[in-house]
Amino acid sequence: MTMMDTGEDIGGWETIRRGISHSPELKEGIRTTLALAVLASAGQVVVPIAVQQTVDRGLRGSGGPDATFTTWLALAAAAAIVLTSWASYAMTARLFSTSERGLATLRVKAFRHVHDLPLLTQNTERRGALVARVTSDVDQVSQFLVFGGLLFVVSIGQILVATVLMIVYSWQLALVVWICFAPLFLSLRYFQRKLSIAYATVRRQVGILLSAISEPVVGAAVVRSYAVEARTQERIDAAVLAHQAASTRAQGFTAFSFSLGGISAGLANAGVLIVGIWLGQGRLWSDDISAGEVLAFAFIVTLFVGPVQFGTQVLTDAQNAIAGWRRVIGILDTPADLVDPGPSGQTLPAGALDVAFEGVGFAYPGGPPVLRDIDLTIPAGRRVAVVGETGSGKSTLAKLLTRLMDPTDGRVLLDGVDLREVAETSLRSSVVLVPQEGFLFDDTLAANARYGRLGATDDEILAAAADLGLGDWLAGLPDGLATRVGQRGESLSAGERQLVALLRAQLADPDLLVLDEATSAVDPELETRIGRALERLMSGRTSVTIAHRLSTAEAADEVVVVDHGRIVQRGPHAALVQEDGSVYAGLHASWVAQRG
Amino acid sequence: MTDERVSGAGSTGAGFAVLWVAIKREPAVFTISTIGSLLFGALTVADAWVLGWSTDHVVLPAFRDGEIGGGLLWAVLGLFLGVAILRAVGIVARRLGAGVMQYRMQARSRRAVTRQYLSLPMEWHQKHPTGELLSNANSDVEAAWGPIAPLPMAVGTVAMMVIAVVQMLFADLVLAVVGLLVFPLVIATNVIYQRLAQGWATRAQQLRGELSEIAHESFDGAMVVKTLGREPEETARFRAKAEELRETNIRVGRIRAAFDPTLAALPNIAVLIVLVLGVHRVLSGATVAGDVVTVTYLLTVVSFPIRSIGWLLGEFPRSVVGYRRVDAVLRASGAMPYGEATAPVSGDGARLDVSGLAYGYHADRPLLRDLSFTVEPGRTVALVGATASGKSTLTNLLTRLVDVDAGAIRVDGLDVRELARGELARVLSVVPQTAFLFDDTVRGNITLGADVPDEEVWEALRTAQADGFVAALSDGLDTRLGERGTSLSGGQRQRISLARALVRRPRLLVLDDATSAVDPEVEARILAGLRSEDRDATLVVVAYRKATIGLADEVLFLSDGAIVDRGPHDELVGRNDDYARLVNAYEAEHEGVTS
Ligand SMILES: Nc1ncnc2c1ncn2[C@@H]1O[C@H](COP(=O)(O)OP(=O)(O)OP(=O)(O)O)[C@@H](O)[C@H]1O
Ligand SMILES: Nc1ncnc2c1ncn2[C@@H]1O[C@H](COP(=O)(O)OP(=O)(O)OP(=O)(O)O)[C@@H](O)[C@H]1O
Ligand SMILES: [Mg+2]
Ligand SMILES: [Mg+2]
């Protein structure tokens, strides 16, 4: 089995590259957007040029102030401002659009992949943390994509232009500037690594935080009735504080790395002036540079410093975004070990299926074997009851039979086909498991039933209920099929939840029905009624029923007794009870005793 | 904590109100970061001054005279570096300060909001999906305090703006006034922005909540989704919401995309107007060229504060929505009132009195009507009733997960509503119908943090017949069970849940069908254990099985919302047909099979 991938060991560039390939929308129209970005950034020079021109030619022109020239210049500049502002708007709007579209795609992909993962892998990550991965981790990326990503490219361009400009003026001074910035550029890698770790911690803490909150919210009744609010709050507080500490730490690195840029800039300014003087004095290379050129150079340096500062800022944001991004990609990287054979998969024939376990063994990851040497064949149409002590492996058997897990040894065959070769869609429509712990969605009763058969009409649902002997119950509900079941079905009684799960299975109309304690919370009268109904409905289907109440076993064609992971007895009820001192005889004796 | 209500029609006022809440909470950090910001601003100006000084005193003389003292060169280096280092200090103070403030406020809100989750009644929880609560605690809190990040910068630059404006007014009043027309325009732009963005931002936060809801529910029910092959439909459900969020975010983004450049353009346009007007005024002799240049320069200085205030205002719509959503949780009322009384914890079983109890989930449809019964100390009572007859509801009322609509529940004569918070749990333990285990160790799940010696834990496990499998776990009591106890079988979970109640040695123990997933043999042993334990706890068991019922001194038969009959099992079977039919269903079945 595989653990859920944290994504934490995907490199930074790797993350961006793979992130983009998962969200192709991000690349859409990128050239136009880039052109707009360049245009928008050109807007920064419009006003300085206009002012300088007005001063030189409009105000201090040789012929005195020139109103006409100034007016035309202003109009032209205004047009340029409108144009570049529009470019800025268009660029940002496009970035919002592509990144939101790209991220929505990524979110949905990741969500789907979580469902495609095997049950055991899903269980290696807590629900709250999974939710964080498809919600806030994704949100983290958007800020960067809109305000960082592309503008980083623009600022690299600006840095290059400024460098060229500097070299044109004086390659020596250009060298000085680059030397002054070298420590910053070199330390960048170090800070990026630190930031990467810091932000990864922040994202991990968000997952922990959401898990810490969701658990007591779901288990509110237990927290309440055992009055453990204080301890629960302590645990949440610990997660909140850990998240706060991680965020503050990350912010510290951010602030520090950003401030370094300013120091380099100061150093570069001083360096330019000093080296400029030396150059002017001919102390270094015999080069003649004028005072004016040195001063002009000092201004060009600001053209270099601005984008460098912005660039470092973007790199920081990038680490934050990458931290979120790689967690989402991590989901997609987690292999689904239960591989759907895909188009080559076989389709199960319609009609009752026969079942065979061949030398099946199973151990949960890192645990001892739970099932051993299971050899079992169930002819099509047979009704089999599985009984055994708590923890003997009955549910495990059911999960292997419905391929929620693959056996560690041996194989499970349906109609002679290894389950691993059966197409997923065919499997899910032919084989239905009503699990021990049913789950209802916060919707109406009808909507929950339709999880069994999409598009079932109300009449079909009512008919299925009547078949199961649940007509009276349904009729007794004030809102009938429109009854809202509440979160996890908690507005229904435990027994009613099981009834809905059964109704769902009945609608699904499977060829092999596996019931794992499906009526354990239903009252005896109703349970026996359902039992009789099921007996009728099972004809033409194969069924495997796990039950603690041996009434089910008594009615089955065959009973399979599981004990400590092995099948110790099998045969019809009447025969098994006769085997004195057997496991089944023991179970039955206590059942009879209980029945009173 | 954040009891300030943010009001105001537009989000600007409300946005400032949210910030004010933060400033009042964190005045020191706010001051430090603002000083950092001012330092940064001042040193940016100083940088220009250093360049000027170096030009006049070092560069120009050096080129003119050809010779310059090494000391002056060091001075240049020192000045530039000094300013740069101080400015770096300013940056760190501003950014770190803003961060500290922001994360402190977040942590505060998160703690307050989760405290509220823990104290709000079950009814409230049933109306608020888990996913939404996660979103409140995460995304909404983050949104609420988002503007703290750009706050110090904005405040710091206000000083810059004020100085520039005053200078402008001194330079040329007319030009200054024209230039200052930029401010009403900035305000108008902001008003329009807030109006346009508020609705969409609200919708976006709401959708984030709903998306989180779908994700949480869908992952919670992953096994059902998988067994029924409903992955495509679940994905479609999630996709629909994700796409709605996407469209909304794009709209918010478009409005935001227009806001920033508009704010940036306004001072620029003002500069151009001032230039044109300035030239005319110079021509008419009303002013001199130098003043025109000064005013335009000052206007460009002003444009930076305007932009940084814009970044602050830009965050407001989301912030206000986030704050309001969090605030709604904090204001949710209905937290259960508790009394002052304490309950005696030692001694024999507690006496339970239920009188005239009525309860319904819907006001017009009472589920339990006029229920009255007494359980004497040390007695065992079985509560029997058909599916959905209200047994679990009654146990919830007993533990005060909900309060009665009418009547009263008394333990040892004390109305449970008079007990102080946490007192009831010291007397009474309930084993719920569906076991809920925490992602914790076996020990943690049983003690729930209480200081209980291991021997007592083992003893409880023994009574619950759970000692065998726990001993076989790799780390014994220290084995972690996974979220909701996934690494155990259904029956094993139930038994841990049972041990959790037993270890508390409650004076009143309520078992709500707590052995349904346990096979008959084990159940028989557990029941025997409960009975032989010489604890004289009062026991209320919800059960169908006759063995369990047989253990009871008395049976309460619940039907149609009332106790329709009560007495020893044998008598009830004889006189109440409904009861007999319910509990004898298996035998009837058995007869049917064998005959
Ligand atoms: N996800 C898991 N990880 C590790 N161990 C597990 C897991 N699920 C079950 N087990 C262990 O495997 C064994 C068999 O469990 P299984 O659920 O199959 O029992 P069961 O026969 O269905 O019991 P019950 O009657 O209580 O439902 C138990 O010892 C249990 O602790
Ligand atoms: N939170 C709720 N909101 C609305 N109705 C509810 C809620 N909880 C329970 N009900 C309804 O109240 C009735 C009684 O439910 P309750 O859980 O008390 O039954 P029960 O006797 O314990 O049944 P079971 O034997 O199935 O456990 C049911 O009809 C159920 O649908
Ligand atoms: Mg099981
Ligand atoms: Mg119940």
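Reading the values: rules and limits
- Residues numbered from 1 in each chain as written.
- Chains lettered and ligands numbered in written order.
- Predicted model: local features only at pLDDT ≥ 70, side-chain atom pairs only at ≥ 80, totals over all residues.
- Heavy atoms only, no water.
- Helix = DSSP H or I, 4+ residues; strand = E, 2+ residues; numbered from the N terminus.
- Rg over C-alpha atoms; globule rule 2.2 N^0.38 Å.
- Buried < 20%, exposed > 50% of the residue type's maximum accessible area, 1.4 Å probe, protein only.
- Areas by Shrake-Rupley, 256 points an atom, 1.4 Å probe, with all protein chains shown as cover.
- Lys, Arg positive; Asp, Glu negative; His and termini not counted.
- Charge placed at Lys NZ, Arg CZ, Asp CG, Glu CD.
- Domains from an automatic or database assignment.
- Near = heavy atom within 4 Å.
- Polar contact = N/O pair within 3.5 Å; in protein donor to acceptor, adjacent residues only side chain to side chain.
- pLDDT = per-residue confidence, 0-100.
- Donors = N, O, S within 2.8 Å, 3.2 Å for Na, K, Ca; no water.
- Buried area = accessible area lost by both parts, 1.4 Å probe.
- Salt bridge = Lys/Arg side-chain N within 4 Å of Asp/Glu carboxyl O.
- Contact = heavy atoms within 4.5 Å.
- Nonpolar A, V, L, I, M, F, W, Y, C, P; charged D, E, K, R; others polar.
- UniProt positions renumbered as here; feature names shortened; annotations may be inferred.
- Phe/Tyr/Trp six-rings, centres within 6.5 Å; stacked < 30°, edge-to-face > 60°.
- Lys NZ or Arg CZ within 6 Å of the ring centre and 35° of its normal.
- Pairing = 2+ DSSP bridges.

K.L.:
I tried to follow the overall build of chain A on my own but got confused; where do I start?
P.N.:
Of regular secondary structure, chain A possesses 21 helices and ten strands. Since a compact globule built from 596 residues should have a radius of gyration of about 25 Å, the 35 Å found for chain A marks it as more spread out than a globular shape. Taking the principal axes of the C-alpha coordinates as reference, chain A spans close to 120 × 55 × 50 Å. Scored against the burial criterion, the 596 residues of chain A give a buried share of 61%. When the accessible surface of chain A is summed, it comes to about 22100 Å², and 59% of that surface belongs to carbon and sulfur atoms. Within chain A, the 60 negative side-chain charges are centred at a point lying 6 Å from the centre of the 49 positive side-chain charges.

K.L.:
Help me out: how do you make sense of the domain arrangement of chain A in this one?
P.N.:
Where interface size is quoted, it is often the accessible area lost as the parts come together. Domain boundaries assigned for chain A yield domain 1 (12-333) and domain 2 (344-595). Measuring from the centre of the C-alpha atoms in domain 1 of chain A to the corresponding centre in domain 2 of chain A gives 56 Å.

K.L.:
Mind showing me how you'd approach the site of ligand 1 here?
P.N.:
If you check the shell around ligand 1, you find 20 residues, and the closest are S395 and T396 of chain A together with S489, G491 and Q492 of chain B. In this structure, ligand 1 is bordered by residues of chains A and B. Y364 of chain A places a polar side-chain atom, nitrogen or oxygen, 3.4 Å from a nitrogen atom of ligand 1. Its free accessible area being 630 Å², ligand 1 has 86% of it covered by the protein chains. Of all the secondary structure elements, the ones that give two or more residues to the shell around ligand 1 are α12 (394-401) of chain A together with α17 (490-502) of chain B.

K.L.:
Sorry if this is basic, but what is going on with helix α6 (residues 127-134) of chain A here?
P.N.:
Along an α-helix, a turn takes 3.6 residues, which lines up residues three or four apart on a common side. Of all eight residues that make up α6 of chain A, eight are buried, and the element is covered over most of its length. For α6 of chain A, the set of buried residues is R127, G128, A129, L130, V131, A132, R133 and V134 of chain A.

K.L.:
What exactly am I supposed to notice about the confidence of the model for chain B here?
P.N.:
Interpretation of the predicted coordinates at a detailed level should be avoided for regions scoring low in pLDDT. The share of residues in chain B with pLDDT of 70 or more is 96%, and the mean pLDDT across the chain is 87. Across the assembled chains, the prediction reports ipTM 0.90 with pTM 0.89.

K.L.:
So what exactly am I meant to see when it comes to the coordination of the magnesium ion (ligand 4) here?
P.N.:
Coordination angles at a metal have ideal targets, namely 109.5 degrees for four tetrahedral donors and 90 or 180 degrees for six octahedral donors. Residue and element names in this part refer to chain B. Distances from the magnesium ion (ligand 4) to its protein donors, namely S392 (OG) and Q433 (OE1), fall within the range 1.9 to 2.1 Å. Of this pair, S392 sits in helix α12 (residues 391-398) while Q433 sits in the loop between β6 (428-431) and α14 (442-447), placing them 41 residues apart in sequence. Residue Q433 is classed as buried on the basis of its relative accessible area of 16%.

K.L.:
Hey, could you run me through the domain arrangement of chain B in this one?
P.N.:
Residue and element names in this part refer to chain B. The domains assigned to chain B are domain 1 (11-329) and domain 2 (352-594). Once you take the C-alpha centre of each, domain 1 and domain 2 turn out to be 57 Å apart. The junction of domain 1 with domain 2 conceals about 380 Å² of combined surface from both sides, 44% of it contributed by carbon and sulfur atoms. For domain 1, the biggest contributors to the area lost against domain 2 are M122, E123 and D220; these three give 70% of the whole. Remark: the boundary between domain 1 and domain 2 carries one salt bridge. The partner of D220 in a salt bridge is R484, and the shortest N-O contact between them spans 2.7 Å.

K.L.:
How should I be thinking about the site of ligand 2 in this particular structure?
P.N.:
The environment of ligand 2 is formed by 21 residues, the closest being S493 and G495 of chain A together with K391, S392 and T393 of chain B. Residues close to ligand 2 are split across chains A and B. Here an oxygen atom of ligand 2 and a side-chain polar atom of S493 of chain A are 2.6 Å apart. E496 of chain A is positioned such that a nitrogen or oxygen atom in its side chain is 2.8 Å from an oxygen atom of ligand 2. For ligand 2, whose accessible area on its own is 640 Å², the fraction buried by protein is 89%. When contributions to the shell around ligand 2 are tallied by element, the ones reaching two or more residues are α17 (494-508) of chain A together with α12 of chain B.

K.L.:
Looking at this structure, how should I read the interface of chain B and chain A?
P.N.:
If you look at the interface, chain B gives 163 residues, while chain A gives 162 residues. Summing both sides of the interface, chain B and chain A together bury roughly 14700 Å²; the carbon and sulfur share of this comes to 67%. Along the contact surface separating chain B from chain A lie twelve salt bridges. Residues R581 of chain B and E525 of chain A are paired through a salt bridge, measuring 3.1 Å at the closest nitrogen-oxygen approach. Applying the counting rule to chain B against chain A returns 35 residue pairs in polar contact (both at pLDDT 80 or more). Looking at which element gives the most residues to the side of chain B that touches chain A, the answer is helix α10 (residues 231-283) of chain B, with 30 residues. Looking at the side of chain B that touches chain A residue by residue, the classes come out as 81 nonpolar, 41 polar and 41 charged.

K.L.:
Sorry if this is basic, but what is going on with the UniProt feature "transmembrane region" (unreviewed entry) in chain A here?
P.N.:
As recorded in UniProt, the sites labelled "transmembrane region" (unreviewed entry) are residues 33-51, 71-91, 144-167, 173-191, 256-279 and 291-310 of chain A. Within residues 33-51 of chain A, the helical portion is 84% and the strand portion 0%, while the C-alpha atoms at the span's ends are 29 Å from each other.

K.L.:
Please explain the pattern of salt bridges as it appears in this structure.
P.N.:
Taken as a whole and assessed by the stated rule, the structure comprises 66 salt bridges over all chains. The residue R208 of chain B makes a salt bridge to D139 of chain A at a minimum N-O spacing of 3.2 Å. With R208 of chain B in helix α8 (residues 182-220) and D139 of chain A in helix α7 (residues 136-169), this residue pair bridges two chains. A relative accessible area of 23% means that D139 of chain A is categorised as partly exposed. E229 of chain A is the partner of R421 of chain B in a salt bridge, and the nearest nitrogen-oxygen pair spans 3.6 Å. Of this pair, R421 of chain B sits in the loop between β5 (414-415) and α13 (424-427) while E229 of chain A sits in helix α10 (residues 229-280), which puts the two residues in different chains. Taking relative accessible area as the criterion, E229 of chain A reaches 12% and is therefore assigned buried. Shared partners join several salt bridges into a network, and the residues in it are R127, R488 and E490 of chain A together with D220, E483 and R484 of chain B.

K.L.:
Before we go on, may I ask you to explain the packing of aromatic side chains in this structure?
P.N.:
Describing an aromatic ring pair means giving the distance of the ring centres and the angle of the ring planes. Counted under the stated rule, the structure contains 20 aromatic pairs over all chains. Seen from their ring centres, F557 of chain B and Y579 of chain B are 5.3 Å apart, and the 70° between their planes marks the pair as edge-to-face. With F557 of chain B in strand β9 (residues 554-559) and Y579 of chain B in helix α21 (residues 577-583), this residue pair connects regions lying 22 residues apart in the sequence. Pair check on accessibility: F557 of chain B and Y579 of chain B agree, each one buried. A connected cluster of aromatic rings, assembled from ring pairs, spans W178, F181, F185 and F304 of chain A. Over the ring of F258 of chain A we find R95 of chain B, and its NZ or CZ is 4.3 Å from the ring centre. In this arrangement the basic side chain of R500 of chain B is found over the ring face of Y226 of chain A, its NZ or CZ atom lying 5.9 Å from the centre.

K.L.:
What am I meant to see in the pairing of strand β7 (residues 508-512) of chain B here?
P.N.:
Across a regular strand the side chains alternate sides, sitting on one face of the sheet and then on the other. All names here are of chain B. Most of β7 sits out of view: five of its five residues are buried. Neither face of β7 is open: one carries L508, V510 and D512, the other L509 and L511, and all of them are buried. Pairing geometry for β6 and β7, over four bridges, is parallel. In the strand pairing of β7, V430 is matched with V510. Note that β7 and strand β8 (residues 538-542) share five bridges and pair parallel. When the bridges of β8 are listed, D512 appears paired with V542.

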